[in-house]
Amino acid sequence: VDIMIALDCSRSMLAQDIKPDRLSRAKREIIDLLKMMKSDRAGLVAFSGNAILQCPLTLDREAFHIFLNVLGPDYFSVGGTDIDAAIKASANGFEKDSDTEKAIILITDGENTLGQAEETAKEMAQKNIKVFCVGVGDIDGAPIPDENGGFKKDRSGNIVLSKVDEQGLKKIATIT
């Protein structure tokens, strides 16, 4: 199995409804997953308002860890959460002529702010690429830390809460 792990690095992943925060916990879970994988190759896609292949498919866990450790919201100049771009970048990271099973593990708080993720999931289903979604965070939501030590606020001055979009993630996973 070739597995591409797509990690949400948007600012909402710094919410602390999961300790120490969503992003740190997701990174720990990825490390635990890699320890269980024996002969399967893994790759890493980082995403926020856009997506990039951070680590190509590899069996080299140490190299993977190096790429994983540098990720955070400041890694991207574009904010937001583009799950569509994450899925596409993950799919492009697979070797086209390989006969391995292919899976994408999407780790996100699920608040998709850009793109058409459900349409892209349909394309993945046609290519026999499975998308597994791991929602990180609380469905009740948590405030998003800003750069100044406070919390993000909307135009009215209210604190913005980031909530896991379970339904959206279930739709994507069910399609594939």
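Our subject is the structure that appears above.
1. Digging into the packing of helix α1 (residues 22-36) against helix α2 (residues 61-69)
- Between α1 and α2, the shortest axis-to-axis distance is 11 Å and the interhelical angle comes to 170 degrees. As summarised for this structure, α1 and α2 are arranged roughly antiparallel, according to the angle between their axes. Taking contact as the criterion, the partners of K27, I30, I31 and L34 in α1 are, on α2, R61, F64, H65, L68 and N69.
- Of the residues that constitute the contact of α1 with α2, the class distribution is 5 nonpolar, 2 polar and 2 charged.

2. Things to note about the packing of helix α4 (residues 117-126) against helix α5 (residues 166-175)
- Where α4 meets α5, the axes come as close as 8 Å, and the angle between the chain directions of the two elements is 20 degrees. Our classification of the angle between α4 and α5 gives roughly parallel. Considering only the axes of α4 and α5, their crossing is right-handed. For the pair α4 and α5, the contacting residues are A117, E118, A121, K122 and A125 in the first and K171, I172 and I175 in the second.
- Taken together, the residues of the contact of α4 with α5 break down into 5 nonpolar, no polar and 3 charged.

Rules used in this analysis
Residues numbered from 1 in each chain as written. Predicted model: local features only at pLDDT ≥ 70, side-chain atom pairs only at ≥ 80, totals over all residues. Heavy atoms only, no water. Axes fitted to C-alpha atoms, helices over the stretch in contact; angles between N-to-C directions. Helix = DSSP H or I, 4+ residues; strand = E, 2+ residues; numbered from the N terminus. Parallel < 35°, antiparallel > 145°, perpendicular 65-115°, else oblique. Contact = heavy atoms within 4.5 Å. Nonpolar A, V, L, I, M, F, W, Y, C, P; charged D, E, K, R; others polar. Left-handed = near helix turned anticlockwise from the far one by under 90°.

Note that all results are geometric; they support no functional claim without further evidence.
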